[in-house]
Amino acid sequence: MRAAFVNTTLEDPKRGSVDKAGGRFWYRRAADLAGLAWMISSIPGAVAYSKMPGSADHTEDADKLFRLRYVSSSAALALFLFYLILLRYYRNRVEWLDKRAVDWTCTILSIATIVPIYRLCVIHNRTSILNVLPSTPPLYPPGSLTTTASKATFYIFH
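Before going into details, it helps to say that this report is about the structure given with it. Residue indices begin from 1 for each chain and proceed along its sequence in written order. Where local features are concerned, this predicted model is filtered to residues with pLDDT of at least 70; where side-chain atom pairs are given and counted, the filter is 80 or more; whole-chain, interface and lining totals use all residues. Working from all heavy atoms in the structure, the side-chain values ignore hydrogens and water.

The next subject is the side chain of Ser41. For the purposes of this entry, the term helix denotes a DSSP run of H or I that reaches at least four residues, the term strand denotes a run of E that reaches at least two, and both are numbered from the N terminus. Inspection of the secondary structure assignment puts Ser41 in helix α3 (residues 39-51). Under this definition, polar contacts are N or O atom pairs within 3.5 Å; protein pairs additionally need one hydrogen-donor-capable and one acceptor-capable atom, and for neighbouring residues in sequence, both atoms have to be side-chain atoms. Among the polar contacts listed, one links the side chain of Ser41 to the backbone oxygen of Trp38, at a separation of 3.1 Å. Contact criterion: two residues are considered in contact whenever any of their non-hydrogen atoms come within 4.5 Å of each other. Apart from residues lying up to four places away in sequence, Ser41 is in contact with Ser72, Ala75 and Ala76.

Turning our attention to the pattern of salt bridges. We define a salt bridge as a contact between a side-chain nitrogen of Lys or Arg and a carboxyl oxygen of Asp or Glu at a distance within 4 Å. One pass over the full model with this rule turns up 5 salt bridges. Arg2 is paired through a salt bridge with Asp32; the nearest N and O atoms lie 3.0 Å apart. Note that Arg2 is positioned in helix α1 (residues 2-7) and Asp32 in helix α2 (residues 21-37), a separation of 30 residues in sequence. Between Arg88 and Asp103 there is a salt bridge; the shortest N-O distance is 3.2 Å. A residue pair is termed long-range when its members are at least 10 positions apart, and Arg88 in helix α4 (residues 59-90) and Asp103 in helix α5 (residues 99-112) qualify at 15 residues. When its relative accessible area of 45% is taken as the criterion, Arg88 is described as partly exposed. Overall, Asp103 belongs to the partly exposed group, its relative accessible area being 26%. Here the salt bridges share partners, and the residues they tie into one network are Arg2, Arg29 and Asp32. Burial classes: relative accessible area under 20% of the type maximum marks a residue as buried, over 50% as exposed, and values in between as partly exposed (1.4 Å probe, protein chains only).

You can see Pro116 is positioned in helix α6 (residues 114-122). Once the C-alpha coordinates of Pro116 and Tyr70 are considered, the two residues, 46 residues apart in sequence, prove to be 9.3 Å apart. If we ignore the near neighbours within four places in the chain, the residues touching Pro116 are Ser73, Ala76, Leu77 and Phe80.

This part is about the side chain of Ser17. Note on placement: Ser17 falls in the loop between α1 and α2. By relative accessible area, which is 6% here, Ser17 ends up buried. A distance of 3.0 Å separates a polar atom in the side chain of Ser17 from the backbone oxygen of Leu10. Here Arg15 takes part through its side chain, which lies 2.9 Å from a polar atom of the side chain of Ser17.

Paired rings are identified among Phe, Tyr and Trp, the last through its six-membered ring, by centres lying within 6.5 Å, and are further divided according to the angle between planes into stacked (under 30 degrees), edge-to-face (over 60) and tilted (the rest). Here the structure, examined in full by the defined rule, presents 7 aromatic pairs. The interplanar angle of 80° and the centroid separation of 5.0 Å between the aromatic rings of Phe25 and Trp26 together place this pair among those described as edge-to-face. Relative to Tyr83, the ring of Trp38 has its centre 5.4 Å away and its plane inclined at 55°; by these criteria the two rings are tilted. Separated by 45 residues along the polypeptide, Trp38 in the loop between α2 and α3 and Tyr83 in helix α4 bring together distant segments of the chain.

With that settled, consider the nonpolar core. In terms of nonpolar packing, the biggest core is built from 13 residues, with Phe5, Tyr83, Leu87, Leu97, Val102, Cys106 and Leu109 touching the most fellow members. Of all the elements, α4 adds the most residues to this core, at 5 residues. In this structure Val102 touches Met1, Leu87, Arg91 and Leu97, once residues within four positions along its chain are discounted. As used in this record, nonpolar core signifies buried Ala, Val, Leu, Ile, Met, Phe, Trp, Tyr and Cys residues forming a set joined through side-chain atoms within 4.5 Å.

None of this, on its own, says anything about what the molecule does.
Now the structure itself:
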């Protein structure tokens, strides 16, 4: 999208546009900030997964892991929706903007929102047993998402 927005500021005699260096500068800075904004969701997720190995034995660590995953998924969903709304808003308001590029980006963003929505829907499930190895009888408590259907759903959405 950065290229699509920056291209609207370049001079092109064929289409009658003039050079807009100031607009180009601000489009590039906005794209840089958008890239940094993804760290809002990436950093809590990375911290959460670094805490994962010891969380099975300590309730406090498991709760912290839960909260960090929730923050990461919520931030990702919020950013997806923010970008989607922003692109739809500017689609017809920026002269010479490639509308196909905006439409494709919006389509990809719409599809990508499925992952954080799914995570937020299932993240509240808690279980007292983390045994995922086969055993007799199965030690899969309700809500553990270890059934075949639950695993298939997980892999479809991820």
